[in-house]
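Single-letter residue listing:
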Amino acid sequence: MRLGYYPGCSLHATARDFDESFRAVAGPLGIDLVEIEDWACCGATAAHNTNRLLSIALPARTLALAQEQGFDAVLAPCAACYNRLATARHAMEQDPELKEQIVGILKRPAFTNQVRVISVVELLRDMAATIKEKVVQPLADMKVACYYGCLLVRPHEVTGFDDDEDPRSMEEVVKATGASPVMWEKRLECCGGGFSLSRTASVVRLGRAILEDARKAGAQVMVLACPMCHNNLDFRQKAISKYREEPVGMPILYVTELLGLALGLAPRDLGLHRHYVSPQPVIEQVAAATRSLAGGEQPAALPAPPREEA
Amino acid sequence: MADEIQELTGIAAASCYQCGKCSAGCPMVGEMDFGPHKIMRLLQLGRGEKLFEDESIWLCLTCETCTARCPNQCDPARVIDGLREIAIRRFDTKAPKRISAFRRSFLDQIRRNGRLFEFGLVLDYKLKSGDLFSDVTSAPAMFLRGKLALSPRRIKGIRDVRRIFDACLESGEES
């Protein structure tokens with residue numbers, strides 16, 4: 001399967017672990033990722049808060065490039081990029097006049113708006129049977145909270161691959177790894193998204209409610225597919241834990257990282273050493289299961305993450 | 001104002017029947033004076049201008065919960081984006097300084113390089129907002145994790161991107 005890969009800005013920097021883990025699992029799953037040449041930023045929240053035309057024209061340029069480079073579909077792992085690309089495609093499909101206006105701005109008369117936009121969760125859900133076959137280290141007994149947040153499934157007419165109030169696709173991926181998804185309430189609540197720097201207190205308030213709910217449901221680890229959610233729940237977990245008696249201590253993994261562990265990939269190749277909340281308990285659980293399977297062989301352990309300066 | 005919003009977004013505020021479901025699910029409503037259903041109500045009453053004197057519309061995260069749950073397809077999230085667009089066009093926003101600085105820094109980064117350079121965004125945001133000290137101590141830890149790229153990379157098609165900005169925004173609009 002050849003897909004136009006749109007990493008987006010975050011996966012080149014703060015979400016390197018998402019990029020690394022996705023590229024790492026793509027090989028074993030037979031996904032051929034080819035990065036779209038010269039892609040630009042999707043504009044994210046800043047663009048759609050400012051001007052609708054801008055918020056459609058920026059991702060439309062990337063869709064036009066994908067078409068010119070011969071891709072039928074674009075895969076955007078970041079939930080925000082995915083949502084902006086899918087929104088632009090949908091808006092132009094609904095409104096031919098708008099599409100013509102965009103074609104004029106882009107100066108790309110051959111652009112037909114036919115390239116599909118796929119999220120990583122949709123892609124992996126559709127490969128659940130393959131994943132099951134390829135798993136070498138079933139994550140049995142691991143209780144996982146699947147966190148969707150806002151942008152993967154809303155609004156439904158744009159995303160469309162799952163129910164917008166009761167989605168199941170991430171749970172299906174997690175089940176394919178042998179782990180057990182827990183049922184919990186806040187899996188579709190917003191983490192505060194782009195307010196991480198500009199209104200940190202709101203992000204901490206929202207993140208705390210999400211993490212505490214996942215804990216209450218018995219989750220040992222949370223999986224997600226959005227760099228902003230990861231930042232707000234992993235990096236900001238220290239601030240979230242501040243007024244609690246003890247830290248939340250919830251490892252936050254990209255769904256591709258959890259999948260990589262089940263496929264037997266090394267934690268370092270999945271970028272797990274880049275996290276703030278140590279994923280060591282998860283890795284140790286996987287390692288212990290491997291030892292009992294292999295009869296005492298020691299898998300490579302992950303070096304402890306660097307300590308954060310206070 | 002309701003007419004202006006309808007022209008911009010295609011949404012008629014009059015179609016809202018004030019069930020309040022949008023505000024019930026809004027993650028930011030507790031921090032807003034005007035939650036989504038009140039925003040719709042002010043538009044119905046012809047008092048939309050009031051929304052430009054208040055920061056509520058700038059606290060919306062566009063999580064789309066309101067839009068997903070609206071039983072009458074009113075799309076409050078889109079209405080709020082429309083209100084923000086109008087406010088920016090008038091150079092008159094009551095956005096909290098930090099939220100406004102972040103948005104402007106973000107767009108400046110895209111216009112400059114075609115992509116977001118996160119380290120540059122943070123520096124520019126700090127200068128624009130005056131929020132100089134928060135999170136400063138976390139920079140080394142982020143660098144150690146390989147999560148900070150220290151120099152920007154400009155895309156080849158930067159002129160495409162600048163043309164898009166010029167075509168979509170009136171001059172100087174976003175900054």
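Residues numbered from 1 in each chain as written. Chains lettered and ligands numbered in written order. Predicted model: local features only at pLDDT ≥ 70, side-chain atom pairs only at ≥ 80, totals over all residues.

J.: Would you mind showing me how to read the nonpolar core here?
T.: One recurring pattern in soluble globular proteins is that nonpolar side chains are buried together. In this structure, Ala57, Val74, Leu85, Met222, Val223 and Val255 of chain A are the most contacted members of the largest nonpolar core, which totals 156 residues. If near-sequence neighbours (up to four positions away) are discounted, Ala57 of chain A is found in contact with Ile102, Ile105 and Leu106 of chain A together with Ile164 and Cys168 of chain B. (Core = buried A, V, L, I, M, F, W, Y, C linked by C-beta atoms within 7 Å. Buried ≥ 20, exposed ≤ 12 C-beta atoms within 10 Å, placed from the backbone. Contact = placed C-beta atoms within 7 Å.)

J.: How should I be thinking about unusual backbone geometry in this particular structure?
T.: Working note: non-glycine residues mostly have negative phi, and peptide bonds are mostly trans. Residue and element names in this part refer to chain A. Geometrically, the link from Arg154 to Pro155 is a cis peptide bond, its omega value of -10° lying close to zero. Residue position: Pro155 is located in the loop between strand 5 (143-146) and helix 8 (156-159). Backbone geometry places Asn113, a non-glycine residue, at a positive phi of 65°. By secondary structure assignment, the location of Asn113 is in the loop between helix 5 (96-106) and strand 4 (116-119). If you check the backbone angles, Asp141 has positive phi at about 70° while not being a glycine. For Asp141, the position within the fold is in the loop between helix 7 (128-134) and strand 5. (Helix = DSSP H or I, 4+ residues; strand = E, 2+ residues; numbered from the N terminus.)

J.: Help me out: how do you make sense of the pairing of strand 7 (residues 221-224) of chain A in this one?
T.: Where a strand is regular, its side chains alternate between the two sheet faces. Residues and elements named next belong to chain A. The alternating pattern of strand 7 places Val221 and Val223 and Met222 and Leu224 on opposite faces, both of which are buried. Here strand 5 runs beside strand 7; their pairing, made up of 3 bridges, is parallel. Residue Val144 lies in a different strand from strand 7, and its bridge partner there is Val221. Here strand 7 pairs with strand 8 (residues 252-254) via 3 bridges, running parallel. Note that in strand 8 the partner of Met222 across the bridge is Ile252. (Pairing = 2+ DSSP bridges.)

J.: Mind showing me how you'd approach the interface of chain B and chain A here?
T.: Where the parts come together, the accessible area they lose is often given as the size of the interface. Taken together, the contact pairs 48 residues of chain B with 45 residues of chain A. Breaking the side of chain B that touches chain A down by element, the ones donating at least two residues are helix 4 (65-69), helix 5 (76-89), helix 6 (97-113), helix 7 (118-129), helix 8 (139-144) and helix 9 (158-168) of chain B. Looking at which element gives the most residues to the side of chain B that touches chain A, the answer is helix 6 of chain B, with 7 residues. The residue inventory of the side of chain B that touches chain A, partitioned by class, reads 26 nonpolar, 8 polar and 14 charged. (Nonpolar A, V, L, I, M, F, W, Y, C, P; charged D, E, K, R; others polar.)

J.: I tried to follow the domain arrangement of chain A on my own but got confused; where do I start?
T.: All names here are of chain A. One can read the domain layout of chain A as domain 1 (2-120) and domain 2 (135-294). Taking the mean C-alpha position of each, domain 1 and domain 2 sit 24 Å from one another. At the interface, 26 residues of domain 1 touch 28 residues of domain 2. Residue contributions to the side of domain 1 that touches domain 2 peak at 9 residues, all from helix 1 (residues 16-29). (Domains from an automatic or database assignment.)

J.: Would you take a moment to explain the packing of helix 3 (residues 52-68) of chain A against helix 5 of chain A for this structure?
T.: For any two helices packed against each other, one specifies the inter-axial angle together with the distance between the axes. Residue and element names in this part refer to chain A. As a packed pair, helix 3 and helix 5 sit with axes 10 Å apart at the nearest point and diverge in direction by 75°. The angle between helix 3 and helix 5 places the two elements in the roughly perpendicular class. Counted together, Ile56, Ala57, Ala60, Arg61 and Ala64 of helix 3 and Ile102, Ile105 and Leu106 of helix 5 form the full contact between these two elements. In terms of residue class, the contact of helix 3 with helix 5 is built from 7 nonpolar, no polar and 1 charged. (Axes fitted to C-alpha atoms, helices over the stretch in contact; angles between N-to-C directions. Parallel < 35°, antiparallel > 145°, perpendicular 65-115°, else oblique.)

J.: Would you take a moment to explain the sheet that holds strand 3 (residues 73-76) of chain A for this structure?
T.: Strands belonging to one sheet form pairs held by backbone hydrogen bonds; the direction of such a pair is parallel or antiparallel. All names here are of chain A. Here we have 4 strands laid out as an open sheet, ordered 2-1-3-4, and parallel in their pairing. Because the sheet does not close on itself, it has two edges, and the strands there are strand 2 (32-35) and strand 4. Between one strand axis and the next, the sheet turns by 40° as a mean value, whatever way the strands run. Relative to strand 2, strand 1 (residues 2-5) is paired through 4 bridges, and the arrangement is parallel. The residue bridging Gly4 from the neighbouring strand is Val34, located in strand 2.

J.: Hey, could you run me through the packing of helix 6 of chain B against helix 7 of chain B in this one?
T.: All names here are of chain B. Relative orientation of the contacting elements helix 6 and helix 7 amounts to 140°, with a least axis distance of 8 Å. Considered as vectors, helix 6 and helix 7 are oriented oblique to each other. Here the hand of the crossing between helix 6 and helix 7 comes out right-handed. Contacts between helix 6 and helix 7 involve Lys97, Arg98, Ala101, Phe102, Arg104, Ser105, Phe106, Asp108 and Gln109 from the first element and Gly120, Leu121, Asp124, Tyr125, Lys128 and Ser129 from the second. Residues belonging to the contact of helix 6 with helix 7 are distributed by class as follows: 5 nonpolar, 4 polar and 6 charged. (Left-handed = near helix turned anticlockwise from the far one by under 90°.)

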